[in-house]
Amino acid sequence: MENKAIARTLRLLSQLMELHDQNPFKIKSVANAAFKVDKLPFAIKTKSLEEIAQIDGLGKSISGKVWELLQTGTMAELQDILKETPDGIVEMLGIKGIGPKKIMIIWKDLAIENIGELYYACNENRLIEAKGFGLKTQEEIKKVIEFQMAAHGKFLYAQAEPLVNKLYEDLAIWLNGFPAKPLLGVTGAYRRCLEIIEEIDFVIGAGQPQEIYDQIEQFQPLQFDRQDENTLVALSPFGLKIRLHLSTKSNFYLNWFKLTGNDEHVAAVLKISGEGPFENEQAIYKKAGLDFVEPELREGFNEIELAQTGKLPQLIKYEDLKGSLHNHSTWSDGVHTLEEMALYCRDHLQLEYLGMCDHSKSAFYANGLSEQRIFGQHQEIDALNARLAPFKIFKGIESDILYDGSLDYSDDILKTFDFVVASVHSILRMDEEKATSRLITAIENPYTTILGHPTGRLLLSRKGYPINYKKVIDACAANKVVIEINANPLRLDLDWRWHRYALEKGVLLSVNPDAHRTEGFHDMRYGILVARKGGLQPQQCLNAFSLQDISQYFHNKK
């Protein structure tokens, strides 16, 4: 084992000791030993135990640990302390800008146990309220985590979007300098609005594609390399792979189509339509005898069959939304006041209603509402409703689902709300049977209106807890419980691949931003994108109901 590896192990041990509030003198000794070993001019592995003990800064105790590490590859003391520390907490020690003291606050005070949850908390502005943190520290942590995520070559759709929009604009301007104004389109997984993006594809249709190929060095924003005679590739500064597919103008729409849908969808359509050329994408489907299939649906499920029979869904649009449900204010861990959230919905978004669902009492880390504070919030809502009418604020709560599936308020409290979002936030490690049973118990509670972020997943950072989707959806159908499509780009949960099954069972879905500040309302657009992938229609979405209809729905549910 090399000196640097030994030093890293000792440094980790000192950090974990500090994290667990052990003897400060001992912590300093181990940390100092790590520094000394890293700077040694010789390989420590060539020395005997007695010789190691003579090295300045090591001594008998630490030399014993180093010897144990050299002989066994580990240290018993390190393994013991690792058993007491969640893997995600250990991973956080590698984040620049936060040491063990701050991680202790993140872990113990904020109940955050992995980097995915930490990134989500940064997006919710939860760190700035914690002791020793501020907005600057929070933003620095967020940037470091984003850099680590990018290093794996995968990006959230929302992370890729600004780059795609800017690159599209730059390409369009550059292409205008060529004769006959080449055609340009975004294609691939991004055009299908997949939640995780690994590369961005553009297709260019030009009168003379070779001219673009030969002059690509003149495009300043990115440095493209030639992959083959029709393809150029580049890497964005953030590590996202970019491809330009060159085509003749006459074949642009055929290639745009080919590069958009997945292989199964493309093959099924072209088997009937042939290779064209086509004047637009609609002409491809028309020749195949199919209704036009929106890009989001081209995933090789049953969209071809639906297009043949005229039964494709009329997909929901952002403009169909009439209100925003599941939002947080300063009553719990939100950034803006209840009134600020309401006015933003009414005046900026032109919505008819707002559902306020601050955290419940079990979410102590998020300033969850005690029974007494619920009464105070309801008084404020009543006063605001009198002043803001006809705009309405509905009294909701995000009630924690406890380990046994019960909600964390009594029925007497739950019945005071207009609607209840039931969500799991704690004890996420469980097997499928227990996780499924837990959710079903909550779903069967007569006061549960919406099942919030059903799997608790955080994309690119935390897998959702395992559930039997069919059993959970069937329970929602039997109990008339709505399932949330949590629109936060880190969640997008319920996964769009299960929307169809839920809709077939007659379950309503609700596109909820889980907004903790006014800007968070705009996440509903990402929820709409995945809702369209799942085939959601306006009449199947709870918050596409008018104020009158949703008021009646909540009344009937109670």
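Residues numbered from 1 in each chain as written. Predicted model: local features only at pLDDT ≥ 70, side-chain atom pairs only at ≥ 80, totals over all residues. Heavy atoms only, no water.

Asker: Could you give me a rundown of unusual backbone geometry, with the residues and numbers involved?
Answerer: Of note, the bond from A389 into P390 is cis; its omega dihedral lies within 30 degrees of zero at 10 degrees. You can see P390 is positioned in the loop between α18 (371–388) and β10 (392–400). Look at L492: it is not a glycine, yet its phi comes out positive at around 45 degrees. With respect to the helices, strands and loops of the structure, L492 is situated in the loop between β13 (482–486) and α22 (499–504). Here D514, not a glycine, exhibits a phi torsion of approximately 55 degrees, which is positive. The exposure class of D514 is buried, given its relative accessible area of 4%. (Helix = DSSP H or I, 4+ residues; strand = E, 2+ residues; numbered from the N terminus. Buried < 20%, exposed > 50% of the residue type's maximum accessible area, 1.4 Å probe, protein only.)

Asker: Help me get a handle on the nonpolar core, residues and values and all.
Answerer: Of all hydrophobic cores here, the largest spans 148 residues; its most connected members are L10, L118 and F202. Element by element, the count of residues in this core is highest for helix α10 (residues 157–175), at 9 residues. Apart from residues no more than four positions distant in its own chain, F202 is found in contact with V164, L167, Y168, L171, L184, G185, V186, T187, I242, R243, L244 and H245. In terms of nonpolar packing, the next biggest core, distinct from the first, is built from 17 residues, Y285, A288, V293 and L312 among them. (Core = buried A, V, L, I, M, F, W, Y, C linked by side-chain atoms within 4.5 Å. Contact = heavy atoms within 4.5 Å.)

Asker: Explain the state of the cysteines to me, using residue names and the numbers behind them.
Answerer: Under the counting rule described, the total for this entry stands at 0 disulfides. We note that C345 lacks a disulfide partner, and the nearest cysteine sulfur, in C357, lies 12 Å from it. (Disulfide = S-S within 2.5 Å.)

Asker: Help me get a handle on the environment of A160, residues and values and all.
Answerer: Secondary-structure assignment places A160 in helix α10. Residue classification places A160 among the buried residues on the basis of a relative accessible area of 1%. For A160 and L240, which are 80 residues apart along the polypeptide, the C-alpha to C-alpha distance reads 8.0 Å.

Asker: Can you explain the pairing of strand β14 (residues 509–512)? Please cite residues and give values.
Answerer: Of the two faces of β14, the one carrying L509 and V511 and the one carrying S510 and N512 are both buried. Both β13 and β14 contribute to a ladder of 4 bridges, which runs parallel. Residue pairing for β14: E484 is matched across the bridge by S510. Since β13 and β14 lie parallel, the crossover through α22 that links them has a hand, and here it is right-handed. (Pairing = 2+ DSSP bridges. Right-handed = clockwise from strand over helix to strand, strands pointing away.)

Asker: Kindly report on helix α23 (residues 524–533), identifying the contributing residues and their values.
Answerer: Residue pairs spaced three or four apart in an α-helix point in one direction, given the helix's 3.6 residues per turn. Along α23, 9 of the 10 residues are buried, which leaves the element largely enclosed by surrounding structure. Burial in α23 covers these residues: M524, Y526, G527, I528, L529, V530, A531, R532 and K533. Against α10, β8 (323–327), β13, α22 and β14 lie the buried residues of α23. Following α23 by one or two positions, G535 adopts a phi angle in the positive range, close to 85 degrees.

Asker: Give me the packing of helix α17 (residues 338–348) against α18: which residues, what numbers.
Answerer: At a minimum axis distance of 11 Å, the contact between α17 and α18 shows a crossing angle of 35 degrees. Like other packed secondary-structure pairs, α17 and α18 cross with a definite hand, here right-handed. Facing α17, whose interface residues are L338, E339, A342, L343 and R346, α18 presents Q377, E380, I381, L384, R387 and L388. Class assignment of the residues belonging to the contact of α17 with α18 gives a composition of 6 nonpolar, 1 polar and 4 charged. (Axes fitted to C-alpha atoms, helices over the stretch in contact; angles between N-to-C directions. Left-handed = near helix turned anticlockwise from the far one by under 90°. Nonpolar A, V, L, I, M, F, W, Y, C, P; charged D, E, K, R; others polar.)

Asker: I'd like a rundown of the sheet that holds strand β6 (residues 231–235), residues and numbers included.
Answerer: Backbone hydrogen bonds hold the strands of a sheet together, and the pairing may be parallel or antiparallel. If you walk across this open sheet you meet the 5 strands as β2-β4-β7-β6-β5, and the pairing is mixed. Taken across any chain shown, the strands that pair with only one partner, and hence form the sheet edges, are β2 (183–187) and β5 (225–228). With strand direction ignored, the average angle separating the axes of adjacent strands in the sheet is 25 degrees. Pairing of strand β4 (residues 199–206) with strand β7 (residues 241–248), which is carried by 8 bridges, proceeds in the parallel orientation. Note that in β7 the partner of V203 across the bridge is H245.

Asker: Could you give an account of empty space enclosed by the protein, naming the residues involved and the relevant values?
Answerer: Counted according to the given criterion, the structure contains 2 cavities of 30 Å³ or more. There is about 70 Å³ of room inside the largest cavity. Around the largest cavity, the lining residues are L414, F417, D418, F419, V420, P446, Y447, T449, K557 and K558. The residue makeup of the lining of the largest cavity, split by class, is 6 nonpolar, 1 polar and 3 charged. Its boundaries defined by the atoms lining it, the second largest cavity holds a volume of some 60 Å³. Around the second largest cavity, the lining residues are L156, Y157, A158, C193, L194, E195, P489, L492, Y526, L529 and V530. The set of elements that each furnish at least two residues to the lining of the second largest cavity consists of α10 and α23. The greatest single-element share of the lining of the second largest cavity, amounting to 3 residues, is contributed by α23. Taken together, the residues of the lining of the second largest cavity break down into 10 nonpolar, no polar and 1 charged. (1 Å grid on protein atoms, 1.4 Å probe; cavity = no way out; pocket = protein on both sides within 12 Å on 5 of 7 lines; lining within 4 Å. Points joined across faces, edges and corners; volume = space filled by probe spheres on them.)

Asker: So what's going on with the packing of helix α13 (residues 252–260) against helix α14 (residues 263–273)? Which residues, and what values?
Answerer: The relative placement of two packed helices is expressed as an angle between their axes plus a distance between the axes. Contact geometry for α13 and α14: axes closest at 8 Å, N-to-C directions at 140 degrees. By the angle between their axes, α13 is oblique relative to α14. Residues L254, F257 and K258 of α13 pack against H265, V266, V269 and L270 of α14. (Parallel < 35°, antiparallel > 145°, perpendicular 65-115°, else oblique.)

Asker: A description of the pattern of salt bridges should follow, citing residues and the corresponding values.
Answerer: Where side chains of opposite charge bring their charged atoms close, a pairing between them can arise. Tallying each qualifying case throughout the model produces 27 salt bridges. A salt bridge links E18 to K101, with the shortest nitrogen-to-oxygen separation between them at 2.8 Å. Of this pair, E18 sits in helix α1 (residues 3–19) while K101 sits in helix α7 (residues 100–109); the two residues are 83 residues apart in sequence, bridging distant segments of the chain. On the basis of relative accessible area, K101 is assigned to the exposed category, the value being 60%. A salt bridge links E281 to R191; its shortest N-O distance comes to 2.8 Å. Here E281, found in helix α15 (residues 281–287), pairs with R191, found in helix α11 (residues 188–191); they are 90 residues apart in sequence, far enough to count as distant. Among the charged side chains, a salt-bridge network with shared partners connects E195, R457, D495 and R497. (Salt bridge = Lys/Arg side-chain N within 4 Å of Asp/Glu carboxyl O.)

On their own, these measurements won't tell you what the molecule is for.
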